[in-house]
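What the coordinates show
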Amino acid sequence: MSRRSLTLLKNLARSANGSAIQTRSVTYMPRPGDGAPRAVTLIPGDGIGPLVTNAVEQVMEAMHAPIYFEKYDVHGEMSRMPPEVMESIRKNKVCLKGGLKTPVGGGVSSLNVQLRKELDLFASLVNCFNLPGLPTRHENVDIVVIRENTEGEYAGLEHEVVPGVVESLKVITKFCSERIAKYAFEYAYLNNRKKVTAVHKANIMKLADGLFLESCREVAKKYPSITYNEIIVDNCCMQLVAKPEQFDVMVTPNLYGNLVANTAAGIAGGTGVMPGGNVGADHAVFEQGASAGNVGKDKIVRENKANPVALLLSSAMMLRHLQFPSFADRLETAVKRVISEGKCRTKDLGGQSTTQEVVDAVIANLE
Amino acid sequence: MTMAANIARRLIGSRSNQILGTVNSSSGAATSVARAFCSSTTPITATLFPGDGIGPEIAESVKKVFTTAGVPIDWEEHYVGTEIDPRTQSFLTWESLESVRRNKVGLKGPMATPIGKGHRSLNLTLRKELNLYANVRPCYSLPGYKTRYDDVNLITIRENTEGEYSGLEHQVVRGVVESLKIITRQASLRVAEYAFHYAKTHGRERVSAIHKANIMQKTDGLFLKCCREVAEKYPEITYEEVVIDNCCMMLVKNPALFDVLVMPNLYGDIISDLCAGLVGGLGLTPSCNIGEDGVALAEAVHGSAPDIAGKNLANPTALLLSGVMMLRHLKLNEQAEQIHSAIINTIAEGKYRTADLGGSSTTTDFTKAICDHL
């Protein structure tokens, strides 16, 4: 009797420990034929891109996931995305990509932005959360930043009025603000999130951000069970640093979203571990969540010390998007276990491992 | 004790006047510098805007600390009016603005802009009329007040006149709004010059320009070009450029990486508030606005907190530290250092802290503790 209760206690302790994160997605009933392999466009990109996308390829193979990659070589200095790449994405509807390096101050417009505009990927999503076992200064962080991806300050409409005076147009439309607000509330509703916060600077930019806020308020009325509030962007950054647990889902126009997402990613563990993606009505492109450092420095590329966790978690999001939840769960569990064990961590998380070591650890931890 | 100290201070003051009197007569430099040297006997006039809400209480606190420290400043107090002055189109009177223009130095408490139309916001009025082009905020971790970040020591310098805050917006058609962001060579050069000059005079080693020129190529590109031009004139100071999303991430992960940050208006607003959050909030952050012709208006950037107004609970640290910045601008470095150390020591000791820092002292107790530390 005592021996049995001892093993029961041991099992209880192990599951309460959290190191054995046992979940089973038993409720997904596939239609016959759902297991046929799906094609996904893969763009390795620049800098650390090829390293981390290679990591994803290895893990997908080890899992025997029903996807296969169509790889295309694109670099940031190209002036346009090659048409065959765009065709492939339009056909497959899903794409996984590494970072594309945009030359600073040069005449080339960012390929990342071009891709988003052409495919009308109007929502960019970054999920910033504390990973168990990874020490950070802030606890209880679980923020999803939903950022309008096509207009705002990134409209790219600039001109020199007279020599020495330059104007840049920030465009806000009701159409785009409404659809991003709708997406944010829909996301909150489908993912059981309780609060949506709109980030703005409407005390200064009264018409532009005022229009954004108006759209958010209208959509908020249709979701009475979700709390809605508004916060000015400078106060928001200060609160993120002081009390991040007050935020849940945040919806923002383009530029503020960039800043808020990177700040939130920084407080929760760094941009090397946060997943994210861009989604539109017809297509989805998954990439490392926050944009800072997604191309990385040359030193990291040479020493193969890039952190593949962000892209691995984004590919798990992609697997769920493709309706393969069991594979997504296995991948996430393995990655979280590797992080919580703490033995295999790349430099940005305070360890010394190379990318390949982390990948091997993840594959070893797959159930 | 105080009387003897005052007599001693006056003696030392008059001696320094004799020593420095020769400098005064021979220099043809700006009159403000000369005025600073002979400040020990002839007091400097400075404008004081106590402001609304908790403003008057914390302004009292500042006056008390400054008098105890023997700072030779005569305050000219001005209040926000109750009706709109047609000459300035705001609640600030023409006399107040003239006073700052004349004295070239001022200290401002929190002002609540009344809601309504037909007038400009108070801060906007001050900024436009006095041509305050740079906002300087030093952010450093206060020893003894523990936040999640212990090693913050940076200065943010923000361009204050143009950029995204030009206020030029219009509705193109229904449902489509455009907002203009303006960057000019003149304003960018001005703020870059000030940033490097500040770095040099305060012994700082690195200046980082924050931008988003990979997306906004012409506007932020122009800002960067101006910064680079100025950087060439200061070869001993390291200059680097950081994209703003990278900057945000690095600031929350490792703020010790940054020294002096110079940026256009919007980024400056966000980053300076972020840095304030790193060290403990707006209640502890000093700030100083620099204008043309050497005008300096130090201000407390927190709100007027109407809910605790008049209850002797407010924290005067922000206004006091801003006053210290003002003294340093006037080159009264000795008294500035004295008051600064007194404030730091009082907070570090932890016995007298106001409610927002987790203590239970009143404003007057806190002020008295600082005076005792002088």
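Each value, and the rule that gives it
Residues numbered from 1 in each chain as written. Chains lettered and ligands numbered in written order. Predicted model: local features only at pLDDT ≥ 70, side-chain atom pairs only at ≥ 80, totals over all residues. Heavy atoms only, no water. UniProt positions renumbered as here; feature names shortened; annotations may be inferred. Pairing = 2+ DSSP bridges. Helix = DSSP H or I, 4+ residues; strand = E, 2+ residues; numbered from the N terminus. Axes fitted to C-alpha atoms, helices over the stretch in contact; angles between N-to-C directions. Buried < 20%, exposed > 50% of the residue type's maximum accessible area, 1.4 Å probe, protein only. Contact = heavy atoms within 4.5 Å. Polar contact = N/O pair within 3.5 Å; in protein donor to acceptor, adjacent residues only side chain to side chain. Salt bridge = Lys/Arg side-chain N within 4 Å of Asp/Glu carboxyl O. Right-handed = clockwise from strand over helix to strand, strands pointing away. Parallel < 35°, antiparallel > 145°, perpendicular 65-115°, else oblique. Left-handed = near helix turned anticlockwise from the far one by under 90°. Nonpolar A, V, L, I, M, F, W, Y, C, P; charged D, E, K, R; others polar. Buried area = accessible area lost by both parts, 1.4 Å probe. Core = buried A, V, L, I, M, F, W, Y, C linked by side-chain atoms within 4.5 Å.

- Named according to an unreviewed UniProt entry, chain B is Isopropylmalate dehydrogenase-like domain-containing protein originating from Eutrema salsugineum.
- Quoted verbatim from the Sequence similarities (unreviewed entry) heading of the UniProt record, the comment on chain B is "Belongs to the isocitrate and isopropylmalate dehydrogenases family."
- UniProt annotates chain B under Subunit (unreviewed entry) with the comment "Heterooligomer of catalytic and regulatory subunits."

**Focus: the sheet that holds strand E4 (residues 123-129) of chain A**
Residues and elements named next belong to chain A.
- On the basis of which strands lie adjacent, the open sheet formed by ten strands has the order E2-E1-E3-E12-E11-E4-E5-E10-E8-E9 and mixed pairing. Two strands lie at the open edges of the sheet, namely strand E2 (67-71) and strand E9 (227-232), each paired on one side alone. Put simply, the sheet's adjacent strands are angled 25° from each other on average, direction ignored.
- Sheet topology places strand E1 (residues 38-43) next to E2; five bridges connect them, and they run parallel.

**Some remarks on the environment of cysteine 176 of chain A**
Residues and elements named next belong to chain A.
- By the secondary structure assignment, cysteine 176 is in helix H5 (residues 174-190).
- Judged by its relative accessible area of 8%, cysteine 176 falls in the buried class.
- C-alpha separation for the pair cysteine 176 and threonine 150, spaced 26 residues apart in sequence, amounts to 8.1 Å.
- Discounting chain neighbours no more than four positions away, the residues touching cysteine 176 are Glu148, Thr150 and Glu151.

**A few points about the side chain of asparagine 265 of chain B**
Residues and elements named next belong to chain B.
- Mapped onto the secondary structure, asparagine 265 falls in helix H9 (residues 265-279).
- Owing to a relative accessible area of 0%, asparagine 265 belongs among the buried residues under this scheme.
- Among the polar contacts listed, one links the side chain of asparagine 265 to the backbone oxygen of glutamate 162, at a separation of 2.8 Å.
- Among residues more than four places away in sequence, those in contact with asparagine 265 are Arg158, Glu159, Asn160, Thr161, Glu162, Gly163, Glu164 and Tyr165.

**So, the sheet that holds strand E8 (residues 206-211) of chain B**
Residue and element names in this part refer to chain B.
- As summarised here, the arrangement of the ten strands in space is E2-E1-E3-E12-E11-E4-E5-E10-E8-E9, forming an open sheet in which the pairing is mixed. A single partner strand is all that each edge strand has here, and the edge strands are strand E2 (73-77) and strand E9 (238-243). Strand after strand, the sheet turns through a mean of 25° between neighbouring axes, direction not considered.
- The sheet contact formed by E8 and E9 spans six bridges and is parallel. Across the sheet, the residue bridging to alanine 209 is glutamate 241, located in E9.
- Against the sheet, helix H7 (residues 219-232) touches E8, E9 and strand E10 (260-263), its axis set at about 170° to E9.
- In the packing of H9 onto the sheet, contacts are made with strand E4 (132-140), strand E5 (153-159), E8 and E10, and the angle to E5 comes to roughly 155°.

**Observations concerning the pattern of salt bridges**
- Taken as a whole and judged by the stated rule, the model has 42 salt bridges over all chains.
- Two residues, glutamate 118 of chain A and arginine 90 of chain A, come together in a salt bridge whose shortest N-O distance is 3.8 Å. Highlighted residues: glutamate 118 of chain A in helix H4 (residues 111-118) and arginine 90 of chain A in helix H3 (residues 83-92), separated in sequence by 28 residues.
- A residue is classified by how much of its surface remains accessible, and glutamate 118 of chain A, at 33% relative accessible area, is partly exposed.
- Put simply, aspartate 259 of chain B and arginine 204 of chain B hold a salt bridge, and the shortest N to O gap is 2.8 Å. Here arginine 204 of chain B lies in the loop between helix H6 (185-201) and E8 and aspartate 259 of chain B lies in the loop between helix H8 (244-253) and E10, a separation of 55 residues in the sequence. In this structure, aspartate 259 of chain B and arginine 204 of chain B share a single accessibility class: buried.
- Within the structure, one salt-bridge network assembled from shared partners comprises Lys174, Glu178, Lys182 and Glu218 of chain A.

**Considerations on unusual backbone geometry**
All names here are of chain A.
- Even without glycine at this site, histidine 64 takes up a positive phi of about 55°.
- Residue placement: histidine 64 occurs in the loop between helix H2 (49-63) and E2.
- Residue classification places histidine 64 among the exposed positions, given a relative accessible area of 67%.
- With a phi close to 65°, glutamine 323 is a non-glycine residue in the positive phi region.
- As for its position among the elements, glutamine 323 is in the loop between helix H10 (309-321) and helix H11 (325-341).
- With a relative accessible area of 46%, glutamine 323 lands in the partly exposed category.

**Description of the pairing of E8 of chain B**
Residues and elements named next belong to chain B.
- Burial runs high along E8: five of the six residues are buried.
- With respect to chirality, the unit in which E8 leads through H7 into the neighbouring parallel E9 is right-handed.
- Two elements, E8 and E10, share three bridges in a ladder whose sense is parallel. Within E10, the residue paired with alanine 209 across the bridge is valine 262.

**Overview of the packing of helix H8 (residues 254-268) of chain A against H8 of chain B**
- Axis separation between H8 of chain A and H8 of chain B bottoms out at 8 Å; the angle between their running directions is 30°. By the angle class used here, H8 of chain A and H8 of chain B are roughly parallel. Like other packed secondary-structure pairs, H8 of chain A and H8 of chain B cross with a definite hand, here right-handed. Where H8 of chain A abuts H8 of chain B, its residues Asn258, Leu259, Asn262, Thr263, Gly266 and Ile267 of chain A lie against Ile244, Asp245, Cys248, Met249, Val252 and Lys253 of chain B.
- The residue makeup of the contact of H8 of chain A with H8 of chain B, split by class, is six nonpolar, four polar and two charged.

**Considering the interface of chain A and chain B**
- Contact residues are listed per partner, giving 57 residues for chain A and 47 residues for chain B.
- Here chain A and chain B share an interface that buries about 4300 Å² over both sides, 64% of which is from carbon and sulfur atoms.
- When the buried surface of chain A facing chain B is broken down by residue, Arg137, Glu158 and Met238 of chain A rank first, second and third, together holding 15% of it.
- On inspection of chain A and its partner chain B, the count reaches one salt bridge.
- On the surface where chain A and chain B come into contact, there are 20 residue pairs in polar contact (both at pLDDT 80 or more).
- Looking at the side of chain A that touches chain B element by element, the count peaks at nine residues for strand E7 (residues 165-173) of chain A.
- Residues of the side of chain A that touches chain B, tallied by class, amount to 26 nonpolar, 21 polar and ten charged.
- When E7 of chain A meets strand E7 (residues 176-184) of chain B, the two strands line up antiparallel, connected through nine bridges.

**Things to note about the nonpolar core**
- By size, the foremost hydrophobic cluster in this structure holds 120 residues, and its most contacted members are Met60, Ile67, Met318 and Leu331 of chain A.
- Broken down by element, the residue count for this core peaks at nine residues, all from H8 of chain A.
- Ranked by size, the runner-up nonpolar core spans 71 residues in total, among them Val260, Ile343, Ile344 and Phe366 of chain B.

**Description of the packing of H10 of chain A against H11 of chain A**
Residues and elements named next belong to chain A.
- At a minimum axis distance of 7 Å, the contact between H10 and H11 shows a crossing angle of 160°. Our classification of the angle between H10 and H11 gives roughly antiparallel. In this structure, H10 meets H11 at a crossing whose hand is left-handed. Along its contact with H10, which presents Val309, Leu312, Leu313, Ser315, Ala316, Leu319 and Arg320, the element H11 presents Pro325, Phe327, Ala328, Asp329, Leu331, Glu332, Val335 and Ile339.
- The residue makeup of the contact of H10 with H11, split by class, is eleven nonpolar, one polar and three charged.

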